[in-house]
Each structure stands twice: as C-alpha cells, then as structure tokens.
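Now for the letters of each chain:
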Amino acid sequence: YGNFIDDLRLYVRGGTGGMGYPRLGGEGGRGGDVWFVAQERTTLKTIRDRYPQKRFLAGTGANSSVKALKGEKGKDCEVHVPVGISVLCDDGKQIGELNAAGERLLAARGGLGGSLATNFMPCKGQRRIVRLDLKLIADVGLVGFPNAGKSSLLSKISHAKPEIANYAFTTVQPELGKVMYADYKQISVADLPGLIEGAHANKGMGHKFLKHVERTKQLLLVVDISGFQLSIKTRFRTAFETILLLTKELELYKEELLTKPAILAINKMDLPCAKDNFSELMKQLQNPQDFLHLLQEETIPANTLEFKDIIPVSTYTGEGIEELKARIRKSIDEEAEQENEEYRKKKLLLLQTSE
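For the protein, the name recorded in an unreviewed UniProt entry is GTP-binding protein 10, with Circaetus pectoralis as its organism. According to the UniProt record, the Subcellular location (unreviewed entry) comment for the protein reads "Nucleus, Nucleolus". Under the UniProt heading Sequence similarities (unreviewed entry), the entry covering the protein gives this text: "Belongs to the TRAFAC class OBG-HflX-like GTPase superfamily. OBG GTPase family."

Rendered as structure tokens:
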C-alpha cells in the first residue's frame with residue numbers, strides 16, 4: 001500500500017494500583033486506564049511515527065499514607081486514533097469500534113489499589129496486545145477490476161487527484177474524494193485498489209481491499225465496456241462476465257455486501273464498438289439467466305446485484321459524468337430519507353408502547 005497503513009499492533013498496559021496502609025485501613029489509588037479516543041485527521045501512520053515503540057502505559061496509583069488515606073488514581077493514558085477503527089485482541093476477537101470523532105474505548109483497565117479485600121497489596125493493571133484495524137468510512141465505494149477507469153472517474157467527479165496510468169495496478173492505496181454539489185452538499189467516494197479474480201481468497205490485495213467496502217453506504221461498480229483481461233495468462237472477460245465476477249468476489253467475501261444499494265457505471269463509451277457492446281450488455285442484464293450457460297460454473301454468483309441505475313459514461317469525453325453525479329446524490333438522499341423514516345417509526349412505536 002505504499003505509505004498507507006490500515007493495520008497496526010500496539011501494546012497497552014493499565015497502571016498498577018497503589019499500596020494500601022494496613023495500620024489505618026488506608027486504600028491505595030487505582031491504576032490509570034488506557035483509552036483510545038477517535039479523532040479527525042489522525043492516521044495510523046501518525047501513531048506509528050510518533051510512538052515507534054508502540055507501547056502505551058498508564059500511570060501507577062498513589063500509595064495510601066497518613067496524610068492521604070485514599071490514594072489518588074493513576075494518570076490515564078489517551079491514544080488518539082482515526083475514525084473508523086475496529087479494535088481487536090491479538091486472537092482476532094473484537095473489543096469494540098470507534099466510528100465518530102470523540103468516541104472513547106477502554107483498551108486496558110488499571111489495577112485496584114491495595115485495600116482490606118486484597119490484604120492491602122495492589123493489583124497489576126490489564127496488559128494486552130491489541131490490533132487497530134482501519135476501514136474507510138465513505139458514502140460510496142468504487143468497485144471494479146484494475147484498469148476499469150476507477151481513478152479517472154474519481155478525478156472527474158471529485159477533487160481527488162489519484163495517480164492514473166494505463167497498466168493494470170495503478171491504485172495501490174485507497175483514495176478518498178469529495179464530490180461537491182451546487183448546494184454545497186458533499187459526498188465522499190473511496191477508490192480502492194483493483195480487485196482481481198480470487199480476491200475473496202486474499203489473492204492480490206484481496207482482503208485489504210474488500211474490508212474497506214464494508215463501511216461504505218453504497219457501491220458504485222465501474223466496468224470497462226470492452227471487457228477486461230488481467231494478463232496474457234488469464235482469460236478475457238466480457239463486460240457482462242466482469243459484472244458477475246465482481247458480484248461473485250463480493251459475495252464470497254461477505255454476503256451482506258450484496259444488500260448495499262448499487263449503481264453501475266459502464267466506462268469507456270468513447271471506444272469505437274462501445275454502442276453495440278452496450279446494447280448487447282443491456283439485453284444480458286435484463287435476462288441474466290438466459291446467458292449464464294456461457295460462463296464457467298465457478299464464476300456464477302448465487303445472488304445477483306440489483307442496480308438502482310445503469311449509466312454509460314466516458315471519463316475521456318466527459319459523457320454521462322454529470323448524470324452519474326446526480327444519480328449518486330439521488331440514491332444517497334433516498335437512503336437517508338428511508339433511514340429517517342425508519343427512525344421516526346421506531347420512535348413512534350416506543351412512544352406508543354410506553355403509553
């Protein structure tokens with residue numbers, strides 16, 4: 001991924017409690033806790049560069065004394081992490097998630113101070129190795145095979161400036177672009193490293209790519225109208241096959257991904273045979289069952305993606321770009337309205353039941 005880091009292991013340790021005071025029954029202070037606090041404009045790279053040791057220790061609780069029978073709590077340690085983080089134990093079990101700025105998560109609890117219950121001896125704080133796993137949060141995730149024109153599309157619809165070239169893997173790190181509308185509404189779009197066949201089995205950048213799709217609200221599939229071939233050793237795929245293969249990869253990684261609202265952008269419509277290919281593709285998409293016999297058994301997904309819109313575009317001539325932006329906006333607004341409606345219904349139901 002170059003400079004982009006989306007996975008980091010850290011050692012966290014809560015502070016040890018303070019000593020109790022047996023003669024007067026004094027209690028030692030509790031050890032400090034280690035907290036993760038979500039913050040905008042923080043990256044995992046910042047954490048790695050600022051704390052190369054990747055060790056975070058909270059302060060020790062104060063001992064009980066004649067002057068202060070109840071010892072003070074140890075100093076907490078706060079670690080600022082990016083928004084969109086999952087915190088996992090070293091064995092892969094999830095501890096929690098931080099999805100909004102200001103959210104806090106207890107990573108390691110401090111030990112109890114010495115008291116009558118512990119024979120006035122302090123306890124050690126919790127210690128563990130945790131993994132921070134970043135999944136980008138974006139409104140729309142661009143999904144497509146390498147060279148389908150995702151980076152070009154992102155640069156056309158937003159203010160992002162991704163690296164663009166005519167070879168298979170150009171995008172090696174996720175790019176986030178903001179689409180700006182006339183009424184100043186912004187929609188974030190994530191261009192993710194190109195999928196390849198077998199990505200669900202972690203081929204190429206399989207899982208590194210697919211995990212970022214999980215947090216996007218909607219999918220935008222980008223397909224080259226003239227088809228796709230990764231290399232001389234792999235088979236040539238038509239646009240129809242490409243759509244089914246992308247669906248299959250998403251399905252094999254996590255079936256829930258297919259429940260997300262999806263839009264299909266058919267790119268490179270400026271090519272000579274594009275119009276004929278497009279009308280052929282539309283026929284195939286209207287009745288996909290009639291054309292499945294053309295494919296190998298293992299490339300056919302169990303479920304097909306329902307596209308809200310199918311839009312022909314050309315990043316070269318600019319054809320269809322404005323329409324695509326409008327459709328993305330419409331789709332995002334519809335989903336938001338639906339969520340609000342469901343929220344209102346839930347609130348109403350709660351009021352009715354409480355009465």
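With that out of the way, let us pick up the overall build of the protein. Secondary structure assignment for the protein yields six helices and 14 strands. Relative to its length of 355 residues, the protein is extended, with a C-alpha radius of gyration of 26 Å against a globular reference of 20 Å. Projected onto its principal axes, the C-alpha positions of the protein cover 90 × 60 × 40 Å. Counting across all 355 residues of the protein, residues that qualify as buried make up 47%. Considering only residue pairs separated by 6 or more positions, the protein has 73% of its internal contacts joining residues 24 or more positions apart. Across the protein, the 50 positively charged side chains and the 46 negatively charged ones have centroids separated by 10 Å.

Spanning 15 residues, helix H4 (residues 239–253) covers 21 Å between terminal C-alpha atoms, matching the ideal 21 Å at 1.5 Å per step. Burial analysis of H4 places 13 of its 15 residues in the buried class, which makes it a mostly covered element.

Here strand S4 (residues 77–81) shows a buried face lined by Cys77, Val79 and Val81 and an unburied face lined by Glu78 and His80. For strand S2 (residues 34–38) and S4, the ladder comprises five bridges, and the chain directions are parallel. If you follow Val37 over to S4, its bridge partner there is His80.

Summed over the entire model, instances satisfying the criterion amount to one aromatic pair. Ring plane angle 70° and centroid distance 4.9 Å describe the contact between Tyr51 and Phe56, whose orientation is recorded as edge-to-face. What makes Tyr51 partly exposed here is its relative accessible area of 35%. According to the relative accessible area criterion, Phe56 is buried, its value standing at 4%. Note that Arg104 overlies the ring of Trp35, its terminal NZ or CZ placed 4.6 Å from the centroid.

What follows covers the pairing of strand S6 (residues 94–98). Put simply, side chains in a regular strand alternate between the two faces of the sheet. Pairing of strand S5 (residues 85–89) with S6 involves four bridges; the strand directions are antiparallel. Looking across to S6, one finds that Leu88 is bridged to Gln94. The turn linking S5 back onto S6 is made up of four residues, and Gly92 within it adopts a positive phi angle of 95°.

Criteria and cut-off values
- Residues numbered from 1 in each chain as written.
- Predicted model: local features only at pLDDT ≥ 70, side-chain atom pairs only at ≥ 80, totals over all residues.
- Heavy atoms only, no water.
- UniProt positions renumbered as here; feature names shortened; annotations may be inferred.
- Helix = DSSP H or I, 4+ residues; strand = E, 2+ residues; numbered from the N terminus.
- Rg over C-alpha atoms; globule rule 2.2 N^0.38 Å.
- Buried < 20%, exposed > 50% of the residue type's maximum accessible area, 1.4 Å probe, protein only.
- Contact = heavy atoms within 4.5 Å.
- Lys, Arg positive; Asp, Glu negative; His and termini not counted.
- Charge placed at Lys NZ, Arg CZ, Asp CG, Glu CD.
- Expected span 1.5 Å × (residues − 1).
- Pairing = 2+ DSSP bridges.
- Phe/Tyr/Trp six-rings, centres within 6.5 Å; stacked < 30°, edge-to-face > 60°.
- Lys NZ or Arg CZ within 6 Å of the ring centre and 35° of its normal.

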